[in-house]
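Examination of the molecular architecture
Residue strings, one per chain:
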Amino acid sequence: MRALIVLGGDAPDAACLAREKQWADFTIAADSGMDAFDAAGLEPDLLVGDMDSIDGEVLERYQGGEERLSCIKDDTDGVHALDAALKRGADQIRILGALGGRLDHALGNLMLLVRAHERGAEAEILADGVRIVRVNGKEVLCHAQGDTVSILPLGQARGITLTGLYYPLTDQTLGSDYPLGISNVVTQEEASIQVTDGNLILFHYKKK
């Protein structure tokens, strides 16, 4: 099952949101992520959150399913939205609105990619010009020559091999103390990013 989650960071434009909503079997807005749906003239299947940042008039207009959370809680609205998607059987998840705003929220949202993987689903964050995923063994990029890619480990990642990129690597270990994987470039028709152990996050910036 394919789920779309919209968080309260940089809002997707109406065309992007409409396209991703068509892709999804189930849609979730997390708190002020609902504002993006409303601006596009759309409604999610579910609204979750403590409702501390959503526009009050938007909230009044929404007539769909709602899961209201306490402002005093251990998880974030994004974690709750992800878990709601997983609970409904989602195995493919796209997340919009995960970047922008507070840096701590943006970094926390990267952890959603790991949480999804550990619970049997594959998730990706989509934003303007960038796709962010956890590399699950091997990620192949086709027809991406000239695109910029960066890799960052959450903790330590081992057995990293990069092919088809300007800066190749072979069976390397990367840790969180040195950003070696920033700003690489795809140079071949097919490039690959491999990792044998650990959480390696891939940022793929498409050439404009």
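Quantities reported herein were computed from a predicted structural model and do not represent experimental measurements.

**Quick notes on the environment of Ala14**
Relative to the assigned elements, Ala14 resides in helix 1 (residues 14–23). Between the alpha carbons of Ala14 and Ser183 there is a distance of 30 Å; along the sequence they are 169 residues apart.

**Quick word on the pattern of salt bridges**
A full pass over the atoms with the stated rule returns 8 salt bridges. Of the charged contacts in the structure, one is a salt bridge between Glu20 and Arg19, with a shortest N-O distance of 4.0 Å. Glu20 sits in the buried class, given a relative accessible area of 6%. As a salt-bridge pair, Arg102 and Asp104 come within 2.6 Å of each other at their nearest N and O atoms. When salt bridges that share partners are traced, they join Arg19, Glu20, Arg94, Glu124, Arg131 and Glu139 into one network.

**Thoughts on the packing of aromatic side chains**
On inspection of all chains with the given rule, the structure shows 1 aromatic pair. Ring centres of Tyr166 and Tyr167 lie 4.8 Å apart, and the angle between their planes is 80°; on these two criteria the pair is classed as edge-to-face. The residue whose ring lies beneath Arg94 is Trp23, and the NZ or CZ to ring-centre distance is 4.1 Å.

**Some points on helix 1**
Buried within helix 1 we find Cys16, Leu17, Glu20 and Trp23. For helix 1, the arc enclosing every buried residue in end-on projection is 115°, short of the 170-degree limit, so these residues lie on one face. With respect to the buried face of helix 1, the exposed residues turned more than 90 degrees away are Ala15 and Gln22. Where helix 1 begins, the side chain of Asp13 points an oxygen toward the backbone nitrogen of Ala15, at a separation of 3.2 Å.

**Quick look at the side chain of Asp147**
When you line up the elements, Asp147 lands in the loop between strand 8 (138–142) and strand 9 (148–163). It is Lys207 that comes nearest to the buried, bridge-free Asp147 among opposite-charge side chains, at 5.6 Å. With residues near it in sequence (within four places) discarded, Asp147 still touches Asn184, Val185, Val186, His204, Tyr205, Lys206 and Lys207.

Calculation notes
- Residues numbered from 1 in each chain as written.
- Predicted model: local features only at pLDDT ≥ 70, side-chain atom pairs only at ≥ 80, totals over all residues.
- Heavy atoms only, no water.
- Helix = DSSP H or I, 4+ residues; strand = E, 2+ residues; numbered from the N terminus.
- Salt bridge = Lys/Arg side-chain N within 4 Å of Asp/Glu carboxyl O.
- Buried < 20%, exposed > 50% of the residue type's maximum accessible area, 1.4 Å probe, protein only.
- Phe/Tyr/Trp six-rings, centres within 6.5 Å; stacked < 30°, edge-to-face > 60°.
- Lys NZ or Arg CZ within 6 Å of the ring centre and 35° of its normal.
- Arc of directions from axis to C-beta.
- Polar contact = N/O pair within 3.5 Å; in protein donor to acceptor, adjacent residues only side chain to side chain.
- Lys, Arg positive; Asp, Glu negative; His and termini not counted.
- Contact = heavy atoms within 4.5 Å.

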